[in-house]
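Examination of the molecular architecture
Now for the letters of each chain:
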Amino acid sequence: MNSPSPTFDTQHFKQSLSRFPTGVSVITTHQLGEANPAEWGHQFVGLTASSFNSVSLTPPLVVWSLGLKSRTLPSFQKTSHYVINILSEQQLALCNQFAFGQGDRFGGVDYALGTAGLPVLKGALAWFECRNRSQYTEGDHIIFVGEVEQCGFADGSPLVHQQGGFYSAQKLPG
Ligand SMILES: Cc1cc2nc3c(=O)[nH]c(=O)nc-3n(C[C@H](O)[C@H](O)[C@H](O)COP(=O)(O)O)c2cc1C
């Protein structure tokens, strides 16, 4: 389907989007791509993602999107399950490691294996173990809808991303 050319540029679009604050997640799955495991250095892949959101309560569905250029794409396209870990305000280092780390992104990362045998990060504020239910290519991303099979949460505050920076959330009086 052809779309009319927008009257704004990508940078302007990104700046407008950045006014919407999000939480930050790290999404993990098995390394199933064509990428050389030696290059990844690990049996798992993971990336930082802020595109997570809820979709449906019954059945329990969530959504997130992955850029077509991500090296993790072949793994997420093939995997049966993934885990969405919601980061706490104490986990900015993990956010950076899973966004920018080359080589083994799981180096030094403390995690336990969930029911599907995938990393649930220690200290995460919440986690959702998902069946890889459906995928939709749109523009330069693939939208993933996950069916939540297990989830959990902990006390604490989320890491918040907005306007290119990271924040902790503060409750307003009233
Ligand atoms: C705060 C933050 C949020 C991000 N959210 C997403 C996202 O929702 N989807 C995505 O594909 N990439 C997202 N990224 C970028 C990926 O983390 C990054 O491009 C990716 O890990 C690049 O490495 P890869 O090619 O090995 O996947 C985000 C990065 C940051 C710092």
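Just so we're clear, the structure is a prediction, and the values are computed from it rather than from any experiment.

**Things to note about the site of the ligand**
Neighbouring residues of the ligand: 17 residues in total, closest T48, S51, G67, S70 and R105. Between R71 and the ligand, the recorded distance is 2.9 Å, taken from a side-chain N or O atom to an oxygen atom. A distance of 3.4 Å separates an oxygen atom of the ligand from a polar backbone atom of A99. Put simply, the ligand lies in the largest pocket. Mapped by element, the contributors of at least two residues to the shell around the ligand are strand 3 (44-49), strand 5 (61-67) and helix 4 (92-100).

**Some words on the state of the cysteines**
Simply put, disulfide is the name for a covalent bond between the sulfur atoms of two cysteines. Inspection of the entire model under this criterion finds zero disulfides. C151 supplies the cysteine sulfur nearest to C130, a cysteine that is in no disulfide, at a spacing of 9.0 Å. Classification of C130 by relative accessible area gives buried; the value is 0%.

**So, the sheet that holds strand 11 (residues 159-162)**
Strands sit in the order 1-11-12 across an open sheet of three strands; the sheet is antiparallel. The open sheet has two free edges, formed respectively by strand 1 (22-23) and strand 12 (165-168), since each of these has just one partner strand. Where strand 1 lies against strand 11, two bridges are found, and the strand directions are antiparallel. Of the residues in strand 11, the one forming a bridge with T22 is H161.

**Observations regarding the nonpolar core**
Formed by 18 residues in total, the largest nonpolar core has its most connected members in I27, W64, F76, Y82 and I84. Elements supplying a minimum of two residues to this core: strand 3, strand 5, helix 3 (73-78), strand 6 (81-86), strand 9 (126-138) and strand 10 (141-153). For I84, the residues in contact, after removing those within four places along its chain, are S25, V26, I27, F52, V62, W64, A126, W127, F128 and C130. Listed in part, the 14 residues of the second largest apolar core include F44, C95, F98 and V109.

**Describing the layout of surface pockets**
Unfilled space is identified by rolling a water-sized probe across the atoms. Empty space within the largest pocket amounts to approximately 1,400 Å³. Taken together, 36 residues form the lining of the largest pocket, with K14, S50, S51, S65 and H141 sitting closest to its centre. Secondary structure elements with two or more residues in the lining of the largest pocket: helix 1 (10-17), strand 3, strand 5, helix 4 and strand 11. Class assignment of the residues belonging to the lining of the largest pocket gives a composition of 14 nonpolar, 17 polar and five charged.

**Quick word on helix 4**
Of all the residues in helix 4, the buried ones are L94, C95 and F98. Angular distribution of buried residues about the axis of helix 4 spans 105°; they occupy a single face of the element. Structural note: helix 4 exposes A93 and F100 on the side pointing more than 90 degrees away from its buried face. On its buried side, helix 4 packs onto strand 2 (25-30), strand 3, strand 8 (119-121), strand 11 and strand 12.

**With respect to the sheet that holds strand 4 (residues 53-56)**
Strand order in the open sheet made by the seven strands is 3-2-6-9-10-5-4, with antiparallel pairing throughout. Either end of the sheet is taken by a strand with one partner, and the two such strands are strand 3 and strand 4. Within the sheet, the average angular offset between the axes of one strand and its neighbour, ignoring direction, is 35°. Relative to strand 10, strand 9 runs antiparallel, the two sharing 12 bridges. The partner of W127 across the bridge, within strand 10, is G152. Helix 4 contacts strand 2 and strand 3 of the sheet and is inclined by roughly 115° relative to strand 3.

Criteria and thresholds
Residue positions are given per chain, counted from 1 along the sequence in the order it is written. Reporting of local features is limited, given that this is a predicted model, to residues whose pLDDT is at least 70; pairs of side-chain atoms are given and counted only at 80 or more, and all residues count toward the totals for whole chains, interfaces and linings. Only hydrogens and water are set aside when side-chain values are computed; all heavy atoms of the structure are taken into account. Working definition: residue near molecule or strand if any one of its non-hydrogen atoms lies within 4 Å of it. As used in this structure description, the phrase polar contact means that two N or O atoms lie within 3.5 Å; if the pair is within protein, one of them must be able to donate a hydrogen and the other to accept it, and residues adjacent in sequence are counted only when both atoms belong to side chains. Cavities and pockets were defined on a 1 Å grid built from protein atoms only: a cavity is a group of points that admits a 1.4 Å probe but offers it no way out, a pocket is an open group of points flanked by protein on both sides within 12 Å along at least five of seven lines, and a lining residue is one with an atom within 4 Å of any such point. In this description, a molecule resides in a pocket or cavity if more than half of its atoms sit within 2 Å of the grid points defining it. Strands here mean DSSP runs of E at least two residues long; helices mean DSSP runs of H or I at least four residues long; both are numbered from the N terminus. To count as a disulfide, a pair of cysteine sulfur atoms needs to be within 2.5 Å. Each residue gets one of three labels from its accessible area relative to the maximum for its type: buried under 20%, exposed over 50%, partly exposed in between, using a 1.4 Å probe on protein chains only. Strands are treated as partners if at least two bridges between them are detected by DSSP. What makes a nonpolar core is a set of buried Ala, Val, Leu, Ile, Met, Phe, Trp, Tyr and Cys residues whose side-chain atoms join them at distances within 4.5 Å. Note on definitions: a residue-residue contact is assigned when non-hydrogen atoms from the two residues lie within 4.5 Å. Grid points are joined across faces, edges and corners, and a volume is the space filled by probe spheres set on the points. Each residue gets one of three labels, nonpolar for Ala, Val, Leu, Ile, Met, Phe, Trp, Tyr, Cys and Pro, charged for Asp, Glu, Lys and Arg, and polar for the others, Gly among them. To be clear, the arc concerns the directions from the helix axis to the C-beta atoms. Lines are fitted to the C-alpha atoms to define the axes, a helix being fitted only along its stretch in contact, and any angle between axes, read from their N-to-C directions, falls within 0 to 180 degrees.

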